[in-house]
Amino acid sequence: MNGRAGDLDQIRALAERHPSPGCEVLICPPATLVARAAALDGSVAIGGQDCHWNDEGAHTGDISAPMLADAGATHVIVGHSERRGDWGESDDIVRRKAEAAWRAGLVAIVCVGETLSEREAANTLDIINGQLAASIPDQATGRNLIVAYEPVWAIGTGKVPTADQIGEVHDLIRTRLERRFGEGVGRSVRLLYGGSVKPANAAEIFAVSNVDGALVGGASLKADEFSGIIDALEG
Ligand code: PGA
C-alpha cells in the first residue's frame with residue numbers, strides 16, 4: 001500500500017538510469033498504478049502484487065489476472081507473507097492464484113517463507129518444503145514461475161539471515177524443484193531472496209548459491225536505492 005501517481009516518476013527515473021540493464025527489472029506497483037506504470041517507456045517490466053484465483057465474476061474489490069494482463073502487467077506476485085498473514089491465504093489459495101496467473105499468460109512469483117517462531121523451533125526447512133509442495137502448481141516451467149524466499153521475520157525489519165541461512169533454504173528450494181519438475185526445469189526457475197535487501201547488503205546476498213535475484217520492498221520505493229541493488233546484481 002505504497003505508491004501514488006507522483007511515484008511514477010521513480011519508475012521513470014529507474015528506467016532512465018538503466019536503459020539496458022544486465023538483469024530483468026520488474027516493478028510491482030499497487031493495482032491503481034499498474035496501467036499507468038506499464039504505459040511508461042523503458043526497460044522496466046510491470047507486475048501486480050496479487051490476483052484473484054478466478055478469472056472474472058462477482059468478487060467486489062478484487063483484481064483478476066486477466067485484468068492485470070489487460071492493464072499491461074507481465075508478472076504477478078502470489079502468496080506474499082502479508083497476503084498470507086493479513087488475509088489468511090492458504091497454500092491452496094496461493095496455488096490457485098498461480099494457476100490463474102498462468103491462464104492469463106502472466107509469470108507467477110510465488111512467495112514462501114517461515115516465521116520467526118518457526119525458525120526458532122528449527123522448522124524452517126519443513127515449512128518451506130510444505131509451502132513449495134502445496135503452493136506451486138504442477139505445470140511449472142522456468143518461464144512461468146519465479147520463487148521468492150522471504151523469511152517473514154526479515155521483511156521490513158532490517159534483519160537479514162546470514163548467507164549460510166539463505167543458502168541453505170535456496171539450495172533446498174532448488175533441489176525440491178529439480179526433483180519435482182525435472183533437472184532442466186528445476187534449474188531454470190529463478191529464485192529470489194526477499195527481506196530487508198538494501199544496496200549495502202545486496203552484493204553479499206547475490207553471491208549466495210542459488211540466489212538469482214531479489215524481491216525488494218522498502219528499498220524499491222526510491223529509484224536511487226533500487227538502482228544500487230540493480231547495480232549489485234549486474235555486478
Ligand atoms: P523489505 O520487504 O525489502 O522492505 O523487507 C520485502 C517484501 O515486502 O517482500
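If you're wondering where the values come from, they're calculated on a predicted model, not measured in any experiment.

A. How the structure looks around the site of the ligand. For the ligand, the full set of nearby residues is His-80, Glu-150, Ala-154, Ile-155, Gly-156, Gly-195, Ser-196, Leu-215, Val-216, Gly-217 and Gly-218. Within the contact set of the ligand, an oxygen atom lies 2.6 Å away from a backbone nitrogen or oxygen of Gly-156. With respect to the ligand, the backbone of Gly-218 contributes an N or O atom lying 2.8 Å from an oxygen atom. Burial of the ligand by the protein amounts to 90% of the accessible area it has alone, namely 280 Å². Along the lines of polarity and charge, the residues of the shell around the ligand split into four nonpolar, six polar and one charged.

B. Up close: unusual backbone geometry. Of note, Ser-196 is a non-glycine position whose phi angle comes to about 60 degrees, a positive value. The residue Ser-196 is located in the loop between strand 6 (190-194) and helix 10 (199-206) in this model. The class of Ser-196 is buried, set by a relative accessible area of 9%.

C. Representation of the UniProt feature "active site" (unreviewed entry) in the protein within the structure. Mapped onto this numbering, the UniProt entry annotates "active site" (unreviewed entry) at His-80 and Glu-150. Separation in sequence by 71 residues is not matched in space for these annotated residues, since their most distant C-alpha atoms are only 8.3 Å apart. Structurally, His-80 can be placed in the loop between strand 3 (75-78) and helix 4 (81-87). Among the residues examined, His-80 registers a relative accessible area of 12% and is labelled buried. When sequence neighbours within four positions are dropped, the list of residues in contact with His-80 reads Cys-111, Glu-150 and Ile-155. Reaching out from His-80, the side chain makes a polar contact with the backbone nitrogen of Glu-82 at a distance of 2.9 Å. With respect to the helices and strands, the residue Glu-150 is situated in the loop between strand 5 (145-149) and helix 8 (163-181). Excluding residues that lie within four positions of it along the chain, Glu-150 makes contacts with His-80, Cys-111, Val-112, Gly-113, Glu-114, Ile-155, Gly-194, Gly-195 and Leu-215. At 3.3 Å, the side chain of Glu-150 and the side chain of His-80 are in polar contact.

D. The arrangement of the sheet that holds strand 2 (residues 45-48) in detail. Taking strand neighbours across the sheet as the criterion, the seven strands line up as 1-2-3-4-5-6-7 in an open arrangement whose pairing is parallel. Looking at strand neighbours, the two that pair on one side only are strand 1 (26-27) and strand 7 (213-215), the edges of this open sheet. Of the strand pairs in this sheet, strand 1 and strand 2 are connected by two bridges, and their pairing is parallel. Following the sheet pairing, Ile-27 is matched in strand 2 by Ile-46. Packing against the sheet, helix 5 (residues 91-103) makes contact with strand 3, strand 4 (107-112) and strand 5, and its axis sits at approximately 165 degrees to strand 4.

Criteria and cut-off values
Residues numbered from 1 in each chain as written. Predicted model: local features only at pLDDT ≥ 70, side-chain atom pairs only at ≥ 80, totals over all residues. Heavy atoms only, no water. Near = heavy atom within 4 Å. Polar contact = N/O pair within 3.5 Å; in protein donor to acceptor, adjacent residues only side chain to side chain. Areas by Shrake-Rupley, 256 points an atom, 1.4 Å probe, with all protein chains shown as cover. Nonpolar A, V, L, I, M, F, W, Y, C, P; charged D, E, K, R; others polar. Helix = DSSP H or I, 4+ residues; strand = E, 2+ residues; numbered from the N terminus. Buried < 20%, exposed > 50% of the residue type's maximum accessible area, 1.4 Å probe, protein only. UniProt positions renumbered as here; feature names shortened; annotations may be inferred. Contact = heavy atoms within 4.5 Å. Pairing = 2+ DSSP bridges. Axes fitted to C-alpha atoms, helices over the stretch in contact; angles between N-to-C directions.

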